[in-house]
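One letter stands for each residue in the lines below.
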Amino acid sequence: MARVTWFSSPSDVTTRLAEVGYLADAATSTTAFLAGALEKPLLVEGPAGVGKTELAKAVAAATGAELVRLQCYEGLDEARALYEWNYKKQLLRIQASQGDDQTWSETHDDIFTDEFLLTRPLLTAIRREEPTVLLIDEVDKTDVEVEGLLLEVLSDFQVTIPELGTVVAVRRPFVVLTSNATRELSEAVKRRCLYLHLEYPDAEREREIVTSQVPGLEDKVAGQLVATVARLRELELKKAPSIAESVDWARTLIALEIGDLDEKAIADTLGVILKHSSDQERAIKELRLRA
């Protein structure tokens, strides 16, 4: 199995991720470096909107690797995560061969080939010969049964297909699992992963992130925006503003040529960062805004 050198050091991670717009702190850079060096999956846990998914995208962009994403959801099964057979195409082949003098074993061998295999994200990532980042997004939304499938893949980076045999990874992908911690993952999955917990950044780092993404933002407005977002996150909201929404808000203020984020400006643009009417009502009340 070929080894891929993802990063040369934690500082290399910091530098290269910054070049693609992701500002990583020391813990993130160190853990991402180790995930590549040790070839171990990286489990990133934390509230929605702190940059878990973006970390995987940034690693792919910084290293020139292909990003393969498995979006998890309740009811996800092996056919959607790993592979399934193209039954319609197989049936057509069987019907077409009925006029031939073919035995069933010959037909069987003919229809269970790569031509009829529909690869899903997990198998796609394992079969790729080029550097690959496998993002298993929101793994806590899957059923517990799916974790058994993940264990096989994350333990040996191989998949057994009864009709074809065992497929072993030529290159181990850089694996990132994200979780919003809506349920506790099994200890077996956690043992196979390095662990990183991400929280919302402090005011200074969020300001740095916002100004790097929106270079035209005035310093005064950037400070007001970051302070307001921090106040909103302290409220009991259905969905606290994400970092991406902070950046969107900054772009909105530039588009509207707002040079002072006063109460009216906040109230007028609240829909950019709060997407539930109840959250907006609470913000208007708690921040004493003029709606």
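These numbers come from a predicted model, not from an experiment.

1. Structural notes on the overall build of the protein chain
Then step 1. Tallying secondary structure elements over the protein chain gives 14 helices and 9 strands in all.
Then step 2. When its C-alpha atoms are laid out on the principal axes, the protein chain stretches across 80 × 40 × 35 Å.
Then step 3. Taking as baseline every contact in the protein chain between residues at least 6 positions apart, the subset at least 24 positions apart corresponds to 74%.
Then step 4. Surface accessibility of the protein chain: about 14,600 Å² in total, with carbon and sulfur atoms responsible for 48%.
Then step 5. Positive and negative side-chain charges of the protein chain, numbering 34 and 50 respectively, have mean locations separated by a distance of 4 Å.

2. Quick notes on the packing of aromatic side chains
Then step 1. Enumeration over the complete set of coordinates arrives at 2 aromatic pairs.
Then step 2. Note on Trp-6 and Phe-174: the rings are 5.4 Å apart at their centroids and 70 degrees apart in plane angle, and the pair reads as edge-to-face. Of this pair, Trp-6 sits in the segment before helix 1 (10-19) while Phe-174 sits in strand 8 (residues 174-179); the two residues are 168 residues apart in sequence, bridging distant segments of the chain.
Then step 3. Overall, Trp-6 belongs to the buried group, its relative accessible area being 5%.
Then step 4. Summarising the aromatic geometry, the rings of Tyr-83 and Trp-85 are spaced 6.4 Å apart at their centres and angled 80 degrees between planes, so their arrangement reads as edge-to-face. This pair shows no difference in class: Tyr-83 is buried, exactly as Trp-85 is.
Then step 5. Over the aromatic face of Phe-116 sits the side chain of Lys-89, whose NZ or CZ is 5.7 Å from the ring centroid.

3. A look at unusual backbone geometry
Then step 1. A positive phi angle, close to 60 degrees, is found at Ala-181, a residue other than glycine.
Then step 2. Among the structural elements, Ala-181 can be located in the loop between strand 8 and helix 9 (187-191).
Then step 3. Classification of Ala-181 by relative accessible area gives partly exposed; the value is 44%.
Then step 4. At Glu-257, a position not held by glycine, the phi torsion is positive, near 55 degrees.

4. A short note on the side chain of Thr-132
Then step 1. Along the chain, Thr-132 falls in strand 5 (residues 132-137).
Then step 2. The exposure class of Thr-132 is buried, given its relative accessible area of 2%.
Then step 3. Of the polar contacts made by the side chain of Thr-132, one reaches the backbone oxygen of Glu-130; its length is 2.9 Å.
Then step 4. With residues up to four places along the chain from it excluded, the contact list for Thr-132 reads Trp-6, Ala-65, Glu-66, Val-68, Ala-125, Pro-173 and Phe-174.

5. So, the domain arrangement of the protein chain
Then step 1. As assigned here, the protein chain comprises domain 1 (10-82 + 119-197) and domain 2 (203-287).
Then step 2. Placing the centre of domain 1 and that of domain 2 at their C-alpha centroids yields a distance of 31 Å.
Then step 3. The interface is formed by 7 residues belonging to domain 1 together with 8 residues belonging to domain 2.
Then step 4. Here domain 1 meets domain 2 over a buried area of about 540 Å², counting both sides, of which 56% is carbon and sulfur.

6. Focus: empty space enclosed by the protein
Then step 1. Scanning the model with the defined rule gives 1 cavity of 30 Å³ or more in all.
Then step 2. In this model, the largest cavity occupies a volume close to 30 Å³.
Then step 3. What lines the largest cavity is simply Trp-6, Ala-35, Gly-36, Glu-39, Lys-40, Arg-172, Pro-173 and Phe-174.
Then step 4. Taken together, the residues that form the lining of the largest cavity break down as 4 nonpolar, 1 polar and 3 charged.

7. Overview of the packing of helix 11 (residues 219-234) against helix 12 (residues 243-255)
Then step 1. Contact geometry of helix 11 with helix 12 gives a least axis separation of 11 Å together with a crossing angle of 140 degrees. The pairing of helix 11 with helix 12 is recorded here as oblique in orientation. The two elements helix 11 and helix 12 meet at a crossing, and its hand is right-handed. Between helix 11 and helix 12, the contacting residues are Val-221, Leu-225, Thr-228, Val-229 and Arg-233 on the first element and Ile-243, Ser-246, Trp-249, Ala-250 and Leu-253 on the second.
Then step 2. The residue inventory of the contact of helix 11 with helix 12, partitioned by class, reads 7 nonpolar, 2 polar and 1 charged.

8. Remarks on the state of the cysteines
Then step 1. Per the stated rule, a full pass over the model turns up 0 disulfides.
Then step 2. Note on Cys-72: no disulfide assigned, nearest cysteine sulfur contributed by Cys-193 at a separation of 12 Å.
Then step 3. You can call Cys-72 buried: its relative accessible area is 3%.

9. Considerations on the packing of helix 10 (residues 203-213) against helix 11
Then step 1. The interhelical angle for the contact between helix 10 and helix 11, taken along N-to-C directions, is 125 degrees, at an axis separation of 10 Å. When the interaxial angle is binned, helix 10 and helix 11 end up oblique. When the axes of helix 10 and helix 11 are compared, the crossing they make is right-handed. Together, Ala-203, Glu-206, Arg-207, Val-210 and Thr-211 of helix 10 and Asp-219, Ala-222, Gly-223, Leu-225, Val-226, Val-229 and Arg-233 of helix 11 make up the contact between the two elements.
Then step 2. Residues that form the contact of helix 10 with helix 11 fall into these classes: 6 nonpolar, 2 polar and 4 charged.

How each quantity is defined
Residues numbered from 1 in each chain as written. Predicted model: local features only at pLDDT ≥ 70, side-chain atom pairs only at ≥ 80, totals over all residues. Heavy atoms only, no water. Helix = DSSP H or I, 4+ residues; strand = E, 2+ residues; numbered from the N terminus. Contact = heavy atoms within 4.5 Å. Areas by Shrake-Rupley, 256 points an atom, 1.4 Å probe, with all protein chains shown as cover. Lys, Arg positive; Asp, Glu negative; His and termini not counted. Charge placed at Lys NZ, Arg CZ, Asp CG, Glu CD. Phe/Tyr/Trp six-rings, centres within 6.5 Å; stacked < 30°, edge-to-face > 60°. Buried < 20%, exposed > 50% of the residue type's maximum accessible area, 1.4 Å probe, protein only. Lys NZ or Arg CZ within 6 Å of the ring centre and 35° of its normal. Polar contact = N/O pair within 3.5 Å; in protein donor to acceptor, adjacent residues only side chain to side chain. Domains from an automatic or database assignment. Buried area = accessible area lost by both parts, 1.4 Å probe. 1 Å grid on protein atoms, 1.4 Å probe; cavity = no way out; pocket = protein on both sides within 12 Å on 5 of 7 lines; lining within 4 Å. Points joined across faces, edges and corners; volume = space filled by probe spheres on them. Nonpolar A, V, L, I, M, F, W, Y, C, P; charged D, E, K, R; others polar. Axes fitted to C-alpha atoms, helices over the stretch in contact; angles between N-to-C directions. Parallel < 35°, antiparallel > 145°, perpendicular 65-115°, else oblique. Left-handed = near helix turned anticlockwise from the far one by under 90°. Disulfide = S-S within 2.5 Å.

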